[in-house]
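Observations on the model geometry
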Amino acid sequence: MLLQLGSRFLTTTAVVAGLRATVQGALRRFTTTTMANTGVGDVGAVVAAARAASIDGLQAANLKRRLLAGEKLYGAGSVTCCNSAVELLALSGFDFVVIDLEHGPGDIQYAQSALQTLEGTGTSGLVRVPGHDPVFIKKALGVGAKGIVVPSVETPEQAQAVIDAFHYVPHGGVRGAGWGAERGGRYGLRPDYPHKVSDETLFVLMIETPRGHDNIEKIAAIPGFDMLMIGPLDLATSMGTYERVNDDVVAMVSSIEKKTLASGKLLGAGAVVPRSTAKEMFERGYNLVWGCNDIGLLREAALANVKAIKGDADCERLSGSGGDTC
């Protein structure tokens, strides 16, 4: 019995070894023939480079190039740190998803995971960084964000420091060179990455205070970024109110719109602005509207569902701010 088992084992091992040798030989012959016919020295490297370039080209075309071609883009944000939510937003048809690291529990490692989830969906991934830290901006670019959103830029000096962090030294910036170890540069498989990343990435500065409003012309005159984005809620709170639907806030928003459009920079919004719809905003000249986020969509759907089943009283109790919230 033992002899029979040993014999079967040796036979199986020989078959597996033979199959492996056959496959490896066929692969070598295919590779040699392909190189001879095409004059290519390393088929594997070419395939890897082509794959990396095609993916990057798809993502770039889905965002910055579309905006520069005149498309109006509508997207959503994500603060849940849930890749399933990010993927659902993408598959639902939003033009882009912002991985929001200014708010919520997200970190740079999660941002990379979320951007990997978006890969291949046709929906581009941006990252809103927590602040102006050049190291964090470098990391957000390193994990492969196709757009960087920087909150609350108020002065030309702040804007210049942030813009410097966007770009490598040969492009006028201070970004450290580590693309060979980062997802953004396809881990070194995309040799043209440092030459093209500045042209392929959307760089966004947010205007969220009266001081930022007052300095728009000076900020917009600095080269090296693409878009000014209004943050309506932070703008309202910086003006001393929690109500976005406020005459002074509405007037400030209108002034930011006009100043940005006159500057030639792209115009974006981090939320639907007061007394407007996204469609109306596009008609006024907005290029991009970040109109909702996954938490808000889930909250409103949950409250609507409770209201439909249990009525207004339970909806009011759960929302904490009255039945109208539902």
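Whatever comes next refers back to the structure up there.
Residues numbered from 1 in each chain as written. Predicted model: local features only at pLDDT ≥ 70, side-chain atom pairs only at ≥ 80, totals over all residues. Heavy atoms only, no water.

In this section: the packing of helix α4 (residues 83-91) against helix α5 (residues 108-118). Contact pair α4 / α5: the axes reach a minimum separation of 9 Å and the direction vectors enclose 35 degrees. Crossing handedness for the pair α4 and α5: right-handed. Contacts between α4 and α5 involve Asn83, Val86, Glu87 and Ala90 on the former and, on the latter, Tyr110, Ser113, Ala114, Thr117 and Leu118. Classifying every residue of the contact of α4 with α5 gives five nonpolar, three polar and one charged. (Axes fitted to C-alpha atoms, helices over the stretch in contact; angles between N-to-C directions. Helix = DSSP H or I, 4+ residues; strand = E, 2+ residues; numbered from the N terminus. Left-handed = near helix turned anticlockwise from the far one by under 90°. Contact = heavy atoms within 4.5 Å. Nonpolar A, V, L, I, M, F, W, Y, C, P; charged D, E, K, R; others polar.)

Attention now goes to the pairing of strand β5 (residues 202-207). The buried fraction of β5 amounts to six of the six residues, a majority that puts the element mostly inside the structure. The alternating pattern of β5 places Leu202, Val204 and Met206 on one face and Phe203, Leu205 and Ile207 on the opposite face, and all of these are buried. Where strand β4 (residues 147-150) and β5 come together, four bridges link them in parallel fashion. Bridge assignment links valine 149 to a residue of β5, and that residue is valine 204. Of the strand pairs in this sheet, β5 and strand β6 (residues 227-230) are connected by four bridges, and their pairing is parallel. (Buried < 20%, exposed > 50% of the residue type's maximum accessible area, 1.4 Å probe, protein only. Pairing = 2+ DSSP bridges.)

Looking now at the sheet that holds strand β3 (residues 124-128). Strand pairing in a sheet is mediated by backbone hydrogen bonds. Such pairs are either parallel or antiparallel. Read once around its circumference, the closed barrel built from eight strands follows the order β1-β2-β3-β4-β5-β6-β7-β8, with strand pairing classed as parallel. Strand-to-strand twist in this sheet, taken as the mean axis angle between neighbours without regard to direction, amounts to 25 degrees. Sheet strands in contact with helix α7 (residues 156-166) are β4 and β5, and its direction is about 160 degrees off that of β5.

Okay, helix α12 (residues 247-263) next. For α12, which comprises 17 residues, the first-to-last C-alpha distance of 24 Å matches the rise-based estimate of 24 Å (1.5 Å per residue) to within 8%. When α12 is considered as a whole, its buried residues turn out to be Val249, Met252, Val253, Ile256, Glu257 and Thr260. All buried residues of α12 fall inside an arc of 140 degrees around its axis, so they share one side. In α12, the exposed positions that point more than 90 degrees away from the buried face belong to Asp247, Asp248, Lys258 and Ala262. Where α12 ends, the next residue or the one after it, glycine 264, has phi of about 90 degrees, a positive value. (Expected span 1.5 Å × (residues − 1). Arc of directions from axis to C-beta.)

Considering all chains together, one arrives at two cavities of 30 Å³ or more under this definition. Put simply, the second largest cavity is a space of about 60 Å³. Lining of the second largest cavity is provided by eleven residues; of these, Ala145, Lys146, Tyr193, Val197 and Thr201 occupy positions nearest its centre. Looking at which element gives the most residues to the lining of the second largest cavity, the answer is helix α8 (residues 193-200), with three residues. Within the lining of the second largest cavity, the residues separate by chemical class into four nonpolar, three polar and four charged. (1 Å grid on protein atoms, 1.4 Å probe; cavity = no way out; pocket = protein on both sides within 12 Å on 5 of 7 lines; lining within 4 Å. Points joined across faces, edges and corners; volume = space filled by probe spheres on them.)

As a further point, take the pairing of strand β1 (residues 73-78). Taken across its six residues, β1 has five buried, putting it largely inside the fold. As judged from the five bridges shared by β1 and strand β8 (residues 288-293), these two strands associate in the parallel manner. Paired with alanine 76 across the strands is cysteine 292, a residue of β8. Summarising the sheet, β1 and strand β2 (residues 96-100) pair through three bridges and their orientation is parallel. Across the sheet, residue glycine 77 finds its bridge partner in β2, namely valine 98. This β-α-β element, β1 to α4 to β2, shows right-handed connectivity. (Right-handed = clockwise from strand over helix to strand, strands pointing away.)

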